[in-house]
Structure formats: structure tokens, C-alpha cells
Amino acid sequence: MSAILYVLAAEPLGQALLKNNNIHGIKIPFSVKESKYFAHADDTALTVADKNLVTEAFKIFDLYSQASGEKINREKSEILCLGSKISEKELEQFGIKPCENVTKLLGIYIGKDKQLCESLNWDEKIKKIKNNFIFNFGSKKELTLPGRATVFSTLTNNKLSTEEKGKMSKRSRDPAINKLREVKAEAESLGVPESIINGMQAVDDLAKAREDYCDNKTSTPSESMAALIKDTLEHPWQNVYEEGKTTWNISPRMMSGNLEGYVLKFLVSASKSKNVLEVGMFTGCSALGMAEVMPDDGKVVTCELDPYLVDLARKFMDRSPHGKKVEILTGPAIESLNGLAKKNEKFDFIFIDADKAGYCDYFNNGHMYASVFINVYQFKYFTSYLHLCTITLVTILLPYHSSNNSRTFDYILRYASQELLAPGGTIAMDNALFGGKPYMEDRPPNEGVTKFNNMIVTRKDIYYVLMPVRDGIMLIRRKEDMNGTV
Ligand SMILES: C[S@@+](CC[C@H](N)C(=O)[O-])C[C@H]1O[C@@H](n2cnc3c(N)ncnc32)[C@H](O)[C@@H]1O
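Numbering of residues begins from 1 in every chain and follows the order in which that chain's sequence is written. Per-residue local features of the predicted model are confined to residues with pLDDT of at least 70, and side-chain atom pairs are confined, for both listing and counting, to 80 or more; whole-chain, interface and lining totals are unaffected and use all residues. Working from all heavy atoms in the structure, the side-chain values ignore hydrogens and water.

(A) Region of interest: the packing of helix α7 (residues 175-189) against helix α8 (residues 194-216). Helix axes use the C-alpha atoms of the stretch in contact, all axes being lines fitted to C-alpha atoms, and the angles between their N-to-C directions lie in the range 0 to 180 degrees. Secondary structure follows DSSP: runs of H or I at least 4 residues long count as helices, runs of E at least 2 residues long count as strands, and numbering of each begins at the N terminus. α8 packs onto α7 with a crossing angle of 160° between their chain directions and a minimal axis gap of 10 Å. When the axis of α7 is compared with that of α8, the two are roughly antiparallel. Between α7 and α8 the crossing geometry is left-handed. Judged by residue contacts, Ile177, Leu180, Arg181, Val183, Lys184, Ala187 and Glu188 of α7 engage Ile197, Met200, Gln201, Val203, Asp204 and Ala207 from α8. Every angle not falling under 35 degrees, over 145, or within 65 to 115 is termed oblique; those three ranges are roughly parallel, roughly antiparallel and roughly perpendicular. The sense of a crossing depends on the near helix, which, turned anticlockwise from the far helix by less than a right angle, makes the crossing left-handed and, turned clockwise, makes it right-handed. We call two residues contacting when some pair of their heavy atoms lies within 4.5 Å.

So, in C-alpha cells, the structure goes:
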């Protein structure tokens, strides 16, 4: 049976378990809801508050078996008892073997041996990060310390958040829609009248229809651009990552796409830009799009960290007659920008679309510190007692000297606005809304894009506008280039 059909067929079982008020699940700290039923493909896990409830759950399993013909694979099933003990007799009654050590719940090891669980959950991931850092970047490439810090930060960020990313891909960029979906799921589990559930779904559908409408009322992409978008979406990202070709597990959702691509094309062509700089190329969607509307002697210089993406984008862009206008600079953007500034290059339009979390440079008693492990990751995982805990990975500080005292983005902006932006030029900064994080109340004001946005509004020498296109584009221009004269 195909996976999707299986999910459909298994849904009544899930609903019956969730809606049965006699079966109580467990309450995870900080969560308002009880968790009792977890399903992934043909794996089902039930977490109940009391062993007596297992019998109740088995009644539902039996009913489902009778109706569907499906059976529990008792050979492959196991019972993990935390807190209270379960007797041999009880186990015999269930016909399921006890879990000796650890078991997996949605890909996370849980069990009585906390140390073993931690080791199984983390050791392999940490090893991969170390190997990638040491072998791919630490020794082979002659990167400067800030360069290594950038690579390491990007690498760890992506590697450690792979599981999270899987979940994210099904989420909307609009936090209001995600909230609506959460409330809808809760309403469904509480048995709220169908008309209200349908109303919530209609709101979700309308938001999607608005996005689709904008897409449909935007010019269609050129043939080579359509091919680039299609090939990016269909690229076997997971495989190339597993084969060690990319430095992290890439999601094609990073691509700007046709709608945002046309916004950039309009800005570039309306400003008659001949020199464009892009920070963060990915597979070349925005770079090629901008090149398409530039004159034959126009040039797009784009920065990309990942060598695999550089090769792939080059192939994609070379299928277009405009691809020759795109020059790729491989490596950490800061180093590329440094090089461009040294050569006194100027750009009419600058599109900034690289890592937003960035990394911090700290100035301490006249010395700069490059934070190698910049982002403090807080990972929630189940301990053996099924409590949600938070692990905080340590921040390592390595000293290096520099005259700069700012975050990456401030740094890029400083470069962009003071050194690289030609007179009359415009900067466009992507992801200014960053999935709603900057305006969510519980978000610290000094993090990533939020900090960047807050910094922008303190600048007296620029005009800025935040356009709610896709994930938000902040346009920035010098006041002196915009003020009229009388
Ligand atoms: C959001 S994607 C860019 C999307 C692209 N502009 C488009 O239109 O499809 C961000 C890209 O920036 C690259 N990147 C991230 N941090 C970087 C850095 N510090 N230097 C250079 N490139 C970086 C990533 O590898 C990724 O390909």
C-alpha cells in the first residue's frame, strides 16, 4: 500500500485514540495538550499515563483490526514502562514483549538509561559536525578564522536543525496561519462543531488563494528560469547531502522563486542598474533573474559559501544566454565583500539574502572575539522520564584581532552602504519578516533579523521600507539620493 493510502487508512485509529476521553496521555512540561498518540508511516506509538489504560487502548486496536483487517505486529512491538512496573502476567496478557533498554519515538531514543539515550541521540550528529568541520573546512581550505567561524556556524545550524526543518517545511511562512492551524487541530481534538472547523480551514484556504493569486498575476518566468526553478525543486537534496556533497541538508524553500524574482527584476530594470551584487546565491534564481533584465554589458556578482551549489548554479545559469553576466564568488560572503571593497567596486543594486542568524563579533578590551559556536541551540528532547528537557550547547570563544565591531549583517550593511553601494544605489534585504519572528512578542530584540531591523530604524541617513512580499523585503536607500530639491 502506498504511504499516503496507509496514512489515510490509519487515520480512524488515530482519531479513535485521540477522541477517547478514557485514555489519558502524558502532559509534557510547557505544553497545554496531552500527548498520547504518535504516528509516522506505519509506526504508531502510544504514551499513556497509567498502565491500566493500555487495556483500554487495546480495545480500540482490536476494534480497528476488526474493521480494517490490519493487525498489530506484536513481534515488532514493545512496551516501555516508566515509573510503575509491569508484571510478567500483564505482559503476557498484552502479548507484547517489554522494552529492554531504549526505544524510538518519532526518531528520538527514549528509555530508562538516560546516558544511553543521550549518546544515541547526539553522538552521531556531533561526530558528523566535527568530521565535516575538520575534514571539509578545518584543514583542507585555507580559510581565515572569521571564514571558518562562518562555515562552522552555517554547518552546525543546518546539521542540528535537520529534524526541525522537516517539520518546518509543512509550515506556512505566516505565523498567523500556523497559529490558526494549531488552534484548528486543538478544536478538532476537542470535538468542536464542524462548521467552526470548516470556517478555520476556509481562512487557511483564503490565505493560500491570495498567494496563488499573486503568483498567477505575475509574469511567467523565462524558459531557462522555469527550468532552473523546476530543477531546484526536484533536485535530490537529501541524497547529495547523505553522499557528503553538500555541507548541510539543503531545503529548496530557500529559493526566491518567480514572484520575488520579478520584484527584483522590476527594481533592477527601473533603476537601470548595470552592476548588481548579491549576497547568498543558492541555485542562482535571483541572480539569473536580475541578469535577465540587464544590458549585455551588465554584471551580477554573487556570493555563495557552498562549493556544490556554486557548481550546480553555474550549470543551471549557463543554460541561459544571460548566465554569462553572472560572476560567482565562492566562500564566506564577508571575505568576498572585503575583496570587492579593496578593489573599490561599486554596485547600483545590492540584494542581501544569506544566513540571517549570522555570527557575532565581540569586542572585548580592544580584542575581537569570533564566536565559533555562535548560535546557542536549545534542543528539546525526551529524557528517560519523558520530561522535556533543554540542552544548551556551549559557546566557544576564540580570540582574533580586527577593527570591526559588529554582527555579520551590520558588517555587510556597513560594507554595502558605505563602501560598495554606488551613489543613487538601492539595497534590498530579504527575509525582513523572518517568518514573523521580529514581531512576535516573545522574541528577544537583539537576535538576527530582529536586531538588524531595529538597527536600521536608528539610522538617520537612510530611508527604508519593509514590503510584505513573501518573507519580507526591506528596501534601503540613502536619504541624499532620495530627497527632492526646491
Ligand atoms: C536563502 S538562500 C539564497 C536564495 C537565492 N538568493 C535565491 O534567490 O534563490 C541563502 C544562500 O546563502 C548562502 N550563504 C549562507 N551564508 C553565507 C555566507 N556567510 N556567505 C556566503 N553565502 C552564504 C547559502 O549557502 C544559501 O545558498
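(B) Main features of the pairing of strand β11 (residues 326-330). Two strands qualify as a pair provided DSSP detects at least 2 bridges between them. In this sheet, β11 lies alongside strand β10 (residues 299-304) in parallel orientation, the contact comprising five bridges. By the bridge assignment for β11, Glu304 is matched with Thr330. The β-α-β motif built from β10, the intervening helix α13 (residues 307-318) and the parallel element β11 has right-handed crossover chirality. The crossover handedness rule: strands pointing away from the viewer, path from first strand over the helix to second strand clockwise, crossover right-handed.

(C) Local environment of the packing of helix α9 (residues 223-234) against helix α12 (residues 285-292). Here α9 crosses α12 at 175°, and the two axes come no closer than 10 Å. Classed by the angle they form, the pair α9 and α12 counts as roughly antiparallel. Where α9 abuts α12, its residues Met225, Leu228 and Ile229 lie against Cys285, Leu288, Gly289 and Glu292. Three residue categories are used. Nonpolar comprises Ala, Val, Leu, Ile, Met, Phe, Trp, Tyr, Cys and Pro, charged comprises Asp, Glu, Lys and Arg, and polar comprises the others, including Gly. Tallied by class, residues from the contact of α9 with α12 come to five nonpolar, one polar and one charged.

(D) Structural detail: the packing of aromatic side chains. Stacked, edge-to-face and tilted labels apply to pairs of Phe, Tyr and Trp rings (six-membered ring for Trp) whose centres lie within 6.5 Å, assigned for plane angles under 30 degrees, over 60, and everything in between, in that order. Within the structure shown, the criterion is met by two aromatic pairs. Note on Phe58 and Phe61: the rings are 5.7 Å apart at their centroids and 75° apart in plane angle, and the pair reads as edge-to-face. Here the residue Phe58 and the residue Phe61 both occupy positions in helix α2 (residues 52-68), the gap between them amounting to three residues, near one helical turn. For each residue, the accessible area found with a 1.4 Å probe, counting protein chains only, is set against the maximum for its type, and the residue is called buried under 20%, exposed over 50%, and partly exposed in between. For Phe58, a relative accessible area of 11% corresponds to the buried category. By relative accessible area, Phe61 is classed as buried at 13%. Whether a charge lies above a ring is judged from NZ of Lys or CZ of Arg, which has to be within 6 Å of the ring centre and within 35 degrees of the ring normal. When the ring centre of Tyr262 is taken as origin, the NZ or CZ atom of Lys265, which lies over that ring, is 4.3 Å away.

(E) Geometry of the pattern of salt bridges. Put simply, a salt bridge is a Lys or Arg side-chain nitrogen that is within 4 Å of an Asp or Glu carboxyl oxygen. All chains considered together, the criterion is met by 16 salt bridges. A salt bridge links Lys208 to Asp212; the nearest nitrogen and oxygen atoms lie 3.0 Å apart. Pair noted here: Lys208 and Asp212 are both in helix α8, with a separation of four residues, about one helical turn. The class of Lys208 is partly exposed, set by a relative accessible area of 47%. Overall, Asp212 belongs to the partly exposed group, its relative accessible area being 29%. For the salt bridge of Arg314 with Asp318, the shortest nitrogen-to-oxygen distance reads 3.2 Å. Of this pair, Arg314 and Asp318 are both found in helix α13, four residues apart, which corresponds to roughly one turn of the helix.

(F) Expanded view of α8. To estimate how far a helix should extend, the number of its residues minus one is multiplied by 1.5 Å. With 23 residues, α8 extends 32 Å from end C-alpha to end C-alpha; this agrees with the ideal 33 Å at 1.5 Å per step. Of the surrounding elements, those touching the buried residues of α8 are α7.

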